[in-house]
Structures are given as structure tokens and as C-alpha cells.
Amino acid sequence: MELKDFIEKFAEQFDETPSEEFEANTEFKELEEWDSLTILTIIAMVDEEFGIKIKAEEIRSVDTVEELFTLVKSMAK
Amino acid sequence: MYNPFSLKGKTIFITGASSGIGRATAIECSKLGATVVITGRNKERLNETYTQLEGNGHIQLIADLNKTQEIEKLLSNLPVIDGCVNNAGIVKTTLTSFITNEALNEVMQTNTIAPILLTQQLIKKKKLKAGSSIVFTSSISGVSIALLGNVLYSTSKGAINGFVKNAALDLATKKIRVNSVTPGMVETAILNDGTISNEQLKEDMKKYPLKRYGKPEEVAYAIIYLLSDASAWVTGTNLLIDGGLTLQ
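Residues numbered from 1 in each chain as written. Chains lettered and ligands numbered in written order. Predicted model: local features only at pLDDT ≥ 70, side-chain atom pairs only at ≥ 80, totals over all residues.

Trainee: Let's hear about the overall build of chain B: which residues, and what values?
Mentor: On a plain count of helices and strands, chain B comes out with 7 helices and 7 strands. The secondary structure elements of chain B, listed N-terminal to C-terminal, are β-α-β-α-β-α-β-α-β-α-β-α-α-β. With respect to the principal axes defined by its C-alpha atoms, chain B has extents near 45 × 40 × 40 Å. With 248 residues in all, chain B has 44% of them scored as buried. Contacts spanning at least 24 positions in sequence make up 71% of the contacts within chain B whose residues lie at least 6 apart. (Helix = DSSP H or I, 4+ residues; strand = E, 2+ residues; numbered from the N terminus. Buried ≥ 20, exposed ≤ 12 C-beta atoms within 10 Å, placed from the backbone. Contact = placed C-beta atoms within 7 Å.)

Trainee: Account for the pairing of strand S6 (residues 177-183) of chain B, with residues named and values stated.
Mentor: Residues and elements named next belong to chain B. Within S6, 7 of the 7 residues are buried, which leaves it mostly tucked inside the rest of the structure. In S6, alternate side chains face the same way, and those of Arg177, Asn179, Val181 and Pro183 on one face and Val178, Ser180 and Thr182 on the other are all buried. Strand direction decides the pairing type here: S6 and strand S7 (residues 238-241), joined by 4 bridges, are parallel. The residue bridging valine 181 from the neighbouring strand is leucine 239, located in S7. (Pairing = 2+ DSSP bridges.)

Trainee: Lay out helix H4 (residues 65-76) of chain A in plain terms, naming residues and giving numbers.
Mentor: With 12 residues, H4(A) ought to run about 16 Å at 1.5 Å a step, and its terminal C-alpha atoms sit 16 Å apart, in line with that. Of the surrounding elements, those touching the buried residues of H4(A) are helix H1 (3-12), helix H2 (36-50) and helix H3 (56-60) of chain A. (Expected span 1.5 Å × (residues − 1).)

Trainee: Before we move on, can you summarise helix H7 (residues 216-227) of chain B with the specific residues and values?
Mentor: Residues and elements named next belong to chain B. Look at H7: 16 Å from first C-alpha to last across 12 residues, which is about the 16 Å you get at 1.5 Å a residue. Those residues of H7 that fall on the buried side of the exposure criterion are Val219, Ala220, Ala222, Ile223, Ile224, Leu226 and Leu227. Structurally, H7 contributes buried residues whose contacts are with strand S1 (11-14), helix H1 (20-31), strand S4 (81-86), strand S5 (128-137), S6 and S7.

Trainee: Describe the pairing of S1(B), with residues and values.
Mentor: Residue and element names in this part refer to chain B. The two faces of S1 match: Thr11 and Phe13 on one face and Ile12 and Ile14 on the other face are all buried. Where S1 and strand S2 (residues 35-40) come together, 4 bridges link them in parallel fashion. Bridge pairing links isoleucine 14 to isoleucine 38 in S2. In this fold, the crossover linking S1 to S2 by way of H1 has right-handed handedness. Where S1 meets S4, 3 bridges bridge the pair, whose relative direction is parallel. (Right-handed = clockwise from strand over helix to strand, strands pointing away.)

Put into C-alpha cells, the structure is as follows:
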């Protein structure tokens, strides 16, 4: 999966934030919609798309969507 | 010594006894004089429970309760019992939009279908004496409230809630009581699947009026009440143990 597709998939998990707002450098934890439900949604999405079980703490350890993508790709190896 | 909660002379069968609530229940039952038959899937961890039991005559049996042949073998080695604690259970955190057939089946099989079929077999094979007690480890999740990520677990426990009531009705003529305990969050390994961080757990504890999670032995004591003769007139109920959470 490329970064562009990941950003799209990431944006899909948000119900209130318009998808146009999501870019590589979006600091997702600063979004108003970011809460414990969205963390679980991202965990589920990563599992579904990459077959990886990422932890909440790991998601919190990065700031931007691109950093998350890099983290997930490194775990996929 | 006067003790209405004594389990002396009783043989109690406990599933999921390799850890957590099952382990605590087995140990506390043994301290109250019961002969305990414990089962689990993990040999080392089940043996760890076994070595902590007080008194003699206890039995440990390895079995995967999701496999019919293993249930049959387990039952053939099981003595006649006075109590059964259907405690084995798993958690698979997910959200409604991500439910898979596989995950749903896995959770329902272990948490709901296996203990129901085990109960049926115990009765059919006359392993449960008249006057015996069946206790299910249920949860507030799916019975009183919902918890984020718990859709599969809640579904499995909601089903158990329904089963307990109907089984209690069906089995009353045999003088077999059926009840459940519905704990809130309890400090066991089931919390360690990594989807909830330690900070989140600490924040979550504050929501409890009693400001903490439960301990496995605290759930064990409730199970023991339901196993003992002290609860001889109690059937078809859920015993709530939640630090006051569902009051709010």
C-alpha cells in the first residue's frame, strides 16, 4: 500500500472530519474527533489492511499520518 | 466452626482455572474445604493453580472445551460434582464495523456455546447431584452496560444472561441452581491484550465510585456464595460485583 492509499483509508475511519483535511503531515491526535473510539478504529483498520495488531501506545508514539504509515510498514516486514 | 459458606464435602468443577478469576476461585474453594477439579488449556499455568490449592484430593484435567472429543474425555474423567463454575472466557477487541465471521465465531464458541454444551452434558451424564449449583462468570458488559471495543464479548455475555435465566427454570425440578456473577473490570491477564494502555486503565479506574478495579478473589467470593448452601434459595440471578460502576 502507498502513502496516498493509507491516508485515504485513515480518513475513511473518521465520521465527522472531512476527508480533504487529511494529509501526510496531519497531526491526527490534535483532531477534535480523536478519542478512544477512533484509536480502536485505527487499530482495527491496520489489522484489516496489513494483518498487524498495532497497540494504542504505538499509535500514540507518532504524530503525523505519514509517521504512522512508516511505523506500520516497518512492522509489516 | 459455624460457616454457612463452607464448601466442605463438596466437589467443585472450575473451567478456565489456569489464570485470573478461575485460578482465584479454585484456590478459595479449596480453602473453604472443597475438593476441586480444575480444567484449562495451558498445562504449565493449570499446574501453577494446582500447586496453590489447599488440602488434598484435587484433580487437574487439561482440555480444550471447544473440541467435542476433549469434552467427552474430560467428562469421562470427572467425578460426580456439587458445583460447576463455567468461567473460561476470551476477549477479542473490535468494533461493530470490523466484525468478522471468524472472530464472532471464536468468541461465541468459547464464551457461550462451549459452556452451554458442557452444562447440558453434565446433566445428561448425571454428573451434577441434586442440590448442586452452576455458576457462570458473566460480565456487566453486555448485561448492564457496553464497553468500547467489547461488542463480541458483550454479545457472548448477553447470551449467557439469557441462558442462566432459562436454565435455572428448567433445572429447578432437579434442585440444580443456575446463577451468574457479573463483574466490572477485574485485574487479570485478560486486560493485557495491548489495545488499552496503562494510562487509559488508570483513567478508567477513576470512573468507579470505589476508585479501583476488582480483584480476582473478590469475584471468587461471590462465586463461592452461589456455590454454597447459603444461597440455596437463589436461582436465575446475576450477582453484581462492579465497585459501583453501574450506579451512575
